Structures are given as C-alpha cells and as structure tokens.
Amino acid sequence: MFRLAVFLCALCAVSWGFQCLRIVTPGKWGGRPANCSSPLKAVQTGYVIVLHTAGSSCKTRAECNQQMTNIQHYHMNIKGWCNIAYNFLIGEDGKVYEGRGWHTEGAHTYGYNDISLGIAFIGDFTGRSPNAAAWAALKLLLHFAVEDGYLSSDYLLMAHGDVSNTISPGQPIRNVLKTWPHYKH
C-alpha cells in the first residue's frame with residue numbers, strides 16, 4: 001500500500017508540475033454523516049458557481065477543520081439542510097475540503113443547485129482576495145474536475161452574485177474570476 005501511495009504521489013508531481021490536488025474528505029476534517037440523496041442532473045456538469053462562506057477564514061489545517069465543522073453545524077442544525085451547502089470549499093491553507101462532493105446536488109444557488117458545482121472560499125472576501133494558495137487550489141480543482149470527467153471542458157464559471165442577489169463571493173474574487181477564460185457574467 002505504501003508503494004502505491006508513493007507511486008501516485010510521484011505520478012501526480014510529474015504530471016502536474018509538483019502541484020497536487022489535496023481534497024480533504026469529511027472523515028479527515030471531522031464531518032458528520034450527511035443525509036443528502038439528490039444527485040446532480042448530469043455526471044458531467046457544465047457550471048461552476050464560486051462563493052464565499054462569509055464567516056471566518058482559515059490558514060492552517062486545524063483552523064480549516066474547525067471552520068468546516070462550524071459550517072456543517074450551521075447548515076445542518078440551524079438551516080435544516082442535509083449537509084454543507086457547497087460541493088467543495090477552499091481554505092487559505094491551499095487545500096480543498098469536500099462538502100457534498102462531485103455527484104450530490106448542492107444548496108448554494110437557487111436555480112443552479114442541481115446543475116452546478118458550488119465551490120466556496122472559506123471566509124469573508126468582500127474586502128480582500130483569498131491568498132495565492134487558495135487560488136492555486138481552485139485552479140487545480142477545476143483542472144482535475146475537467147480531466148476526470150466531473151466537469152465539461154467548456155464549462156461556465158460564474159460568481160454567486162452573477163446569478164443571485166448577493167454580494168458573494170465579494171468584488172475582489174469577482175475581479176480575478178472575470179479574467180479567467182471560462183468566466184461568464
């Protein structure tokens with residue numbers, strides 16, 4: 001098993017220029033079991049909605065684990081949802097945290113929950129942009145999603161506020177996203 005792990009890390013490093021996508025599963029960040037069962041309408045979706053959580057940000061694995069459990073508690077216990085609203089979340093520690101994952105309908109953007117991946121930066125980004133590690137994690141996640149068939153190669157990337165009456169994910173994030181080739185306002 002150890003040899004397989006070393007081989008996969010080496011393969012990842014060679015193929016992605018020593019930058020590997022690290023998805024932290026709910027079991028690793030302390031997540032509770034979810035009660036979600038509604039799948040996305042397509043295995044390969046064509047939309048990505050970028051949001052922010054509007055709470056505290058995190059820069060270490062421990063801080064991000066704590067923020068993930070806080071978000072899950074709020075979404076499940078206060079809002080009454082089956083799990084975290086987002087498919088994935090990104091911390092400023094450079095890691096991607098799994099919420100609902102690749103195949104489950106989100107609860108992040110009315111009208112897009114069943115046809116998009118909702119990816120949220122952990123924190124409030126109305127006054128500043130996420131750090132370079134968080135942006136790199138988003139790029140790697142999108143690349144991986146396309147390469148592994150979870151996301152169409154001609155996907156549309158949108159800020160939450162482009163399709164909902166909200167300031168999420170904040171103007172600093174929108175300013176960066178609108179320079180990316182898949183962005184659509």
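Computed from a prediction, not measured in an experiment: that's the story for all the values here. (Residues numbered from 1 in each chain as written. Predicted model: local features only at pLDDT ≥ 70, side-chain atom pairs only at ≥ 80, totals over all residues. Heavy atoms only, no water.)

**Focus on the overall build of the protein chain**
Thinking step 1. Across its full length, the protein chain holds six helices and six strands.
Thinking step 2. When the 185 residues of the protein chain are sorted by exposure, 45% land in the buried category.
Thinking step 3. For the protein chain, the share of sequence-separated contacts (at least 6 apart) that also reach a separation of at least 24 residues comes to 71%.
Thinking step 4. Within the structure as shown, the protein chain displays about 9,300 Å² of accessible surface, and the carbon and sulfur contribution to it stands at 55%. (Helix = DSSP H or I, 4+ residues; strand = E, 2+ residues; numbered from the N terminus. Buried < 20%, exposed > 50% of the residue type's maximum accessible area, 1.4 Å probe, protein only. Contact = heavy atoms within 4.5 Å. Areas by Shrake-Rupley, 256 points an atom, 1.4 Å probe, with all protein chains shown as cover.)

**Side note on the nonpolar core**
Thinking step 1. The biggest cluster of nonpolar side chains holds 28 residues, and the ones touching the most others in it are V48, I90, F121, L138, L142, L157 and L177.
Thinking step 2. The set of elements that each furnish at least two residues to this core consists of β2 (45–52), β3 (88–90), β5 (116–121), α4 (132–147), β6 (151–159) and α6 (171–177).
Thinking step 3. Of the residues forming this core, the biggest block, eight residues, is contributed by α4.
Thinking step 4. Not counting residues up to four positions away in its chain, the partners in contact with F121 are V50, L51, H52, T53, I90, P130, A134, W135, L138 and I173.
Thinking step 5. Counting residues in hydrophobic clusters, the runner-up holds 16 residues, among them C58, I84, L89 and I122. (Core = buried A, V, L, I, M, F, W, Y, C linked by side-chain atoms within 4.5 Å.)

**Here's the deal with unusual backbone geometry**
Thinking step 1. A cis geometry characterises the amide bond from S168 onward to P169, with omega recorded as 10°.
Thinking step 2. Although it is not a glycine, A54 sits at a positive phi angle of roughly 70°.
Thinking step 3. Assignment of secondary structure puts A54 in the loop between β2 and α3 (61–78).

**Some thoughts on the confidence of the model for the protein chain**
Thinking step 1. Confidence in the prediction for the protein chain averages 90 pLDDT; 90% of positions are at 70 or higher.
Thinking step 2. In the model, residues 4–18 has pLDDT below 50 throughout and makes eleven contacts with residues more than four positions away in sequence or in other chains. (pLDDT = per-residue confidence, 0-100.)

**With respect to the state of the cysteines**
Thinking step 1. Applying the stated rule across the entire model yields two disulfides.
Thinking step 2. There is a disulfide in this structure between C58 and C64, and the S-S distance comes to 2.1 Å. Its torsion about the S-S bond being 95°, the disulfide of C58 and C64 is classed as right-handed. Residues C58 and C64 agree in their burial class; the two are buried. (Disulfide = S-S within 2.5 Å.)

**A look at the packing of aromatic side chains**
Thinking step 1. Under the definition given, this model contains eight aromatic pairs.
Thinking step 2. Aromatic side chains F121 and F125 sit 6.1 Å apart centroid to centroid with 70° between the ring planes, which places their arrangement in the edge-to-face category. Each member of the pair, F121 as well as F125, is classed as buried. (Phe/Tyr/Trp six-rings, centres within 6.5 Å; stacked < 30°, edge-to-face > 60°.)

**Regarding the sheet that holds β6**
Thinking step 1. Spatially, the six strands line up as an open sheet ordered β1-β4-β3-β5-β2-β6, and their pairing is mixed. With partners counted over all chains shown, the strands left at the sheet margins are β1 (23–24) and β6, one partner each.
Thinking step 2. Where β1 lies against strand β4 (residues 96–98), two bridges are found, and the strand directions are parallel. In the sheet register, I23 faces β4, and the bridge partner there is V96.
Thinking step 3. Packed onto the sheet, α3 meets β1, β3 and β4 and runs at close to 35° relative to β4.
Thinking step 4. Where α4 meets the sheet, it contacts β1, β2, β3, β4, β5 and β6, and its direction lies at approximately 145° from that of β6. (Pairing = 2+ DSSP bridges. Axes fitted to C-alpha atoms, helices over the stretch in contact; angles between N-to-C directions.)

**Digging into the environment of S129**
Thinking step 1. Secondary-structure assignment places S129 in the loop between β5 and α4.
Thinking step 2. Residues S129 and P169, 40 residues apart in the sequence, show an inter-C-alpha distance of 9.6 Å.
Thinking step 3. When residues no more than four places from it in sequence are discounted, the contact partners of S129 are E92, W135, P172 and V176.
Thinking step 4. Separated by 2.9 Å, the side chains of S129 and W135 make a polar contact. (Polar contact = N/O pair within 3.5 Å; in protein donor to acceptor, adjacent residues only side chain to side chain.)

**As for the pairing of β2**
Thinking step 1. Of all eight residues in β2, six are buried, a share of seventy percent or more.
Thinking step 2. Note: β2 against β6, five bridges, orientation parallel. Directly across from Y47, in β6, lies its bridge partner L156.

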